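Geometric and topological summary
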Amino acid sequence: MNIIENFVVGSGKKFLSSLNEREGAPLDAMQKGIQDNDIKNTKMLYIHIPFCRSLCPFCSFNRYLFNKKSAEEYFKRLRKELDMYIGLGYNFDTIYIGGGTPTIDFDELNMLLEYLNDRLKIKSISVESTARELNEEKLVKLKSLKVKRLSIGAQTLDKKLSRDIGRGWQDYDSTIETIKLANDIIDTLSVDLIFNFNTQTLEQFEKDLDTLINIKTKQITNYPLLPSIYSENFKNINRENEKRFYNLLLDKMESASYKPSTVWCFSKKNDMLSDEYIIEYDSYIGIGSSGISLLKNHFYINSFSVAKYNALIDNGKIPVVREKFLSQSELADYFLLNHLFGLRISKETFKNEFGASIYKVLYKELLTAKLLNIIKEDNKNIYLNKKGYYMVGSGMRAFLSILNTLREELRSKQI
Ligand SMILES: C[S@@+](CC[C@H](N)C(=O)[O-])C[C@H]1O[C@@H](n2cnc3c(N)ncnc32)[C@H](O)[C@@H]1O
Ligand code: SF4
């Protein structure tokens, strides 16, 4: 483990053991200490849709097999939860709808998008999907409802590897056709790939990248395999291989003139949205089963059980099941990791957020980064050097693996 990964795993384990249990929260309790200005400045809303047509064994997100009736019941509660926040004065303008597979019940998604557009002045909506849940008509509809970014999860385009990872249902030809269509219709079309599966070869990954580059995919987002930190898989992550995959990725992206927007996300143009909304938004609300909120200095996570989520909403409660107060130093570390992952830290943004210079609050961390030669700076910003991409990426992999650990625990116990 490198120094950043080591640090993240250490603080992540402390974080996991210090979460407080809750069984729903009355609205006013969740808003304690929140000022009107905090509400006004919270512009980002995450919405979770936990349904898929089949369940991939490697995936730790909260997801259940799709059933039309329970999806309809669930979307009803989502609108109610949204109303609770709007009633408090939240005025979100940036929405990220993740899953699961948000497009799985397209009529319900449509209604939700209309509901959002009717109530909020929206700048952009991002939606996750898979190729098999999309077609031209759906893509045009999504665009008309302010979906500016769509990510299509492919993970791999290789037939054998798709079978190895439990996605044998993914058909190569129709996946490529859908990606091409979406690429023409949606402003920022991104395709998700995963690297470092046990049986994956560098050649398979290279071929996937070549295919996506050849069809001029606007954006490619590449995740290292994220196991939960307590699983055998985590101890056994083959970091040497991971680094080989990552170096190959950097070479390929550079030679095809893709620009990094994060350490893992590469775009053909500079002004494209990326997947990591947490980089730009230091406060956000997450609604739906397993939604995560970061509200000022409070972390909240909603129930993973759809039945419990529905029941808590019916009782007029915010469906949180775990919470934690975050200290200034925890928040500053979180800020540092996220913004380095997004390749740039604005000194002014840090100062506005923490009321002090970044050099004062994160002196030791920045000194270490300088000694490692992974950052450079000018008057306004601190930038991550290419030399630091892999290192910060493995810190982010560890951070997301910690979240996956929490997700797996809460989902398996139906909390
Ligand atoms: C929550 S999924 C939704 C996408 C869609 N349901 C699909 O099947 O592609 C969003 C993305 O997370 C990534 N992902 C899921 N599980 C992962 C894991 N264990 N490690 C790395 N990335 C993962 C995949 O790239 C996936 O496309
Ligand atoms: S990768 Fe996508 S389709 Fe597969 S289980 Fe996860 S959310 Fe569902």
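Use the structure listed above.
An account of the accompanying structure is given in this report. (Residues numbered from 1 in each chain as written. Chains lettered and ligands numbered in written order. Predicted model: local features only at pLDDT ≥ 70, side-chain atom pairs only at ≥ 80, totals over all residues. Heavy atoms only, no water.)

**A look at the site of ligand 1**
The full set close to ligand 1 counts 18 residues, and F58, G99, Q155, R167 and D192 are the nearest of them. Here D192 contributes a side-chain N or O atom positioned 2.6 Å from an oxygen atom of ligand 1. For ligand 1, the accessible surface in isolation is 560 Å², of which the surrounding protein chains cover 95%. For the shell around ligand 1, the secondary structure elements donating two or more residues are β6 (124-130), β7 (147-155), β8 (188-195) and β9 (219-224). Among the elements that line the shell around ligand 1, the one with the most residues is β6, at three residues. When its residues are assigned to classes, the shell around ligand 1 shows eight nonpolar, seven polar and three charged. (Near = heavy atom within 4 Å. Polar contact = N/O pair within 3.5 Å; in protein donor to acceptor, adjacent residues only side chain to side chain. Areas by Shrake-Rupley, 256 points an atom, 1.4 Å probe, with all protein chains shown as cover. Helix = DSSP H or I, 4+ residues; strand = E, 2+ residues; numbered from the N terminus. Nonpolar A, V, L, I, M, F, W, Y, C, P; charged D, E, K, R; others polar.)

**Quick look at the sheet that holds strand β18 (residues 381-384)**
An order of β16-β18-β17 is seen for the three strands of this open sheet, with the pairing classed as antiparallel. For this open sheet the edge positions go to β16 (344-346) and β17 (375-377), each flanked by a neighbour on one side alone. Here the strands of the sheet are splayed against their neighbours by 20° on average, with no regard to which way each runs. Running over the sheet, helix α14 (residues 328-341) touches β16, β17 and β18 and is turned about 125° from β16. On the sheet, helix α15 (residues 347-354) packs against β16, β17 and β18 and is oriented at approximately 55° with respect to β16. (Pairing = 2+ DSSP bridges. Axes fitted to C-alpha atoms, helices over the stretch in contact; angles between N-to-C directions. Contact = heavy atoms within 4.5 Å.)

**Remarks on the packing of aromatic side chains**
By the definition in use, this model includes 19 aromatic pairs. Ring centres of Y85 and Y90 lie 5.6 Å apart, and the angle between their planes is 85°; this geometry places the pair in the edge-to-face category. The pair formed by Y85 and Y90 is uniform in burial state, with each residue classed as buried. For the pair Y334 and F399, a centre-to-centre distance of 5.7 Å together with 50° between the ring planes defines the contact as tilted. (Phe/Tyr/Trp six-rings, centres within 6.5 Å; stacked < 30°, edge-to-face > 60°. Buried < 20%, exposed > 50% of the residue type's maximum accessible area, 1.4 Å probe, protein only.)

**Quick look at the site of ligand 2**
Surrounding ligand 2, one finds C52, L55, C56, C59, R63, G100, T101 and R167. A class-by-class count of the residues in the shell around ligand 2 yields four nonpolar, two polar and two charged.

**Here's the deal with the packing of helix α1 (residues 3-17) against helix α18 (residues 389-412)**
Running from N to C, α1 and α18 cross one another at 20°; their axes reach a closest spacing of 8 Å. One way to sum up the angle between α1 and α18 is to call them roughly parallel. Where α1 crosses over α18, the handedness of that crossing is right-handed. Facing I3, I4, E5, V8, V9, G12 and L16 of α1, the residues of α18 in contact are M391, V392, S394, G395, R397, A398, F399, I402, T405 and L406. A breakdown of the residues in the contact of α1 with α18 according to their chemical character gives 11 nonpolar, four polar and two charged. (Parallel < 35°, antiparallel > 145°, perpendicular 65-115°, else oblique. Left-handed = near helix turned anticlockwise from the far one by under 90°.)

**Brief notes about the pattern of salt bridges**
Counted according to the given criterion, the structure contains 27 salt bridges. For D164, the salt bridge goes to K160, with nearest N and O atoms at 3.0 Å. With D164 and K160 both in helix α7 (residues 159-164), this residue pair falls four residues apart, about one helical turn. The exposure class assigned to D164 is partly exposed, which follows from its relative accessible area of 37%. Here E206 makes a salt bridge to K252, at a shortest N to O gap of 3.3 Å. Taken as a pair, E206 in helix α9 (residues 202-214) and K252 in helix α11 (residues 239-255) lie far apart in primary sequence, 46 residues in all. (Salt bridge = Lys/Arg side-chain N within 4 Å of Asp/Glu carboxyl O.)

**A closer look at the pairing of strand β12 (residues 284-287)**
Residue alternation in β12 divides its side chains into two sets, Y284 and G286 and I285 and I287, and both sets are buried. The pairing of strand β2 (residues 44-49) with β12 spans four bridges and is parallel. From the neighbouring strand, L45 faces β12, where its bridge partner is I285.

**So, the packing of helix α5 (residues 106-119) against helix α6 (residues 136-144)**
In the contact formed by α5 and α6, the axes pass within 10 Å of each other and the chain directions differ by 15°. Considered as vectors, α5 and α6 are oriented roughly parallel to each other. For the pair α5 and α6, the crossing hand works out as left-handed. Only K138, K141 and L142 of α6 make contact with α5, whose side of the interface consists of F106, L109, N110, L113 and E114. Class assignment of the residues belonging to the contact of α5 with α6 gives a composition of four nonpolar, one polar and three charged.

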